[in-house]
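# Structural overview for review
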Amino acid sequence: MNTISLAIHGGAGTLVKGMMTPELEAKYRAALQLALDEGYKLLENGGTAIEAVEKAVVLLEDSPLFNAGKGSVFTATESHEMDASIMDGKNLNAGSVSLITGIKNPVSLARDVMEKSEHVFLAGEGAMQFAKELNYTFESPAYFYNELRYNQWLEIKDTDSFQLDHATKKDAKFGTVGAVACDQYGNIAAATSTGGMTNKKWGRVGDSPMIGAGNYANNKTCAVSCTGSGEFFIRGVVAYDVSCLMEHKGLSLEAASDEVIHKRILEINGDGGLIAVDTQGNIAMPFNTEGMYRACKSSSGKEEVSIYK
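### So, the packing of aromatic side chains
One pass over the full model with this rule turns up ten aromatic pairs. Taking the centre distance of 4.9 Å and the plane angle of 90° together, the rings of tyrosine 143 and phenylalanine 144 count as edge-to-face. The class for tyrosine 143 is buried, based on a relative accessible area of 16%. The exposure class assigned to phenylalanine 144 is buried, which follows from its relative accessible area of 2%. An aromatic cluster is present here, built from Phe74, Tyr145, Tyr150 and Trp153 joined pairwise through their rings. Above the ring of tyrosine 143, the side-chain terminus of lysine 70 is found at 4.2 Å from the ring centroid. Positioned above the aromatic ring of phenylalanine 232, the side-chain terminus of arginine 235 is 4.8 Å from the ring centre.

### Some words on the side chain of serine 63
When you line up the elements, serine 63 lands in the loop between helix 2 (49-61) and strand 2 (82-88). Overall, the relative accessible area of 9% leaves serine 63 in the buried class. Separated by 3.1 Å, the side chain of serine 63 and the backbone nitrogen of leucine 65 make a polar contact. Excluding residues that lie within four positions of it along the chain, serine 63 makes contacts with Ala31, Ala68, Lys70 and Gly71.

Calculation notes
Residues numbered from 1 in each chain as written. Predicted model: local features only at pLDDT ≥ 70, side-chain atom pairs only at ≥ 80, totals over all residues. Heavy atoms only, no water. Phe/Tyr/Trp six-rings, centres within 6.5 Å; stacked < 30°, edge-to-face > 60°. Buried < 20%, exposed > 50% of the residue type's maximum accessible area, 1.4 Å probe, protein only. Lys NZ or Arg CZ within 6 Å of the ring centre and 35° of its normal. Helix = DSSP H or I, 4+ residues; strand = E, 2+ residues; numbered from the N terminus. Polar contact = N/O pair within 3.5 Å; in protein donor to acceptor, adjacent residues only side chain to side chain. Contact = heavy atoms within 4.5 Å.

Fair warning: the whole summary comes from geometry, so function is off the table for now.
Here you go:
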């Protein structure tokens, strides 16, 4: 049987140890552990990589601690605009949604785009119409209300400022969520979900729903989910860049991931991190920030739940 493995992240950025209370850190670790355990249990029971990454991301979306689903940040118009994507490395099928609101689990809608439509990427009103046709339940704004997120927004509302969820003030910024998995059949998959930037305007979209930028999976190489300064990850086509280095330069998963995060993205002033797996079940979780909420587990005995370097 193939080595099974799962890695998850809950965002990278300015996570200074002294700013985190022990109680809050325990909550983050518990939320990461839950998503890791449930996703991994699926893999152990013969589930597919796609099922495992969706399950793990759904649990992270359901936690108010992360900037995705329930914990999504406020836009300039005091609403929530969420993005998500999922990709199957076995056949390169993918699904993405962007600028959606009221959907409890955007990653599940992304999977439905992949499996129940002829398309890859649906955005805004069209994505919402698709969800209605599939009889999705729409949550009220109260479901997504979070005092911490609201206060973050109040600080910069009515200004031209916006902030990446993990940037600047060091006590309260956390980002995107994602998962990558390798199942017992040797197939890999990736999923990523985010609430975007606080006070974002004009329908800004980051890298998370963009196949090849923030999310990518290909059985020939690797599955990748990114977190960080989305504009730079889009310009660097980061997720595909890791795959490309493996496919065309023959780099290992770890070497390719390190090259992209510690060299190539830094050259264009991008910061953040990624998680990645290959079809042998190897795992890489590099980041160039002070911290990245991350966890991984594999049948080769590797297990980790970490926040700082």
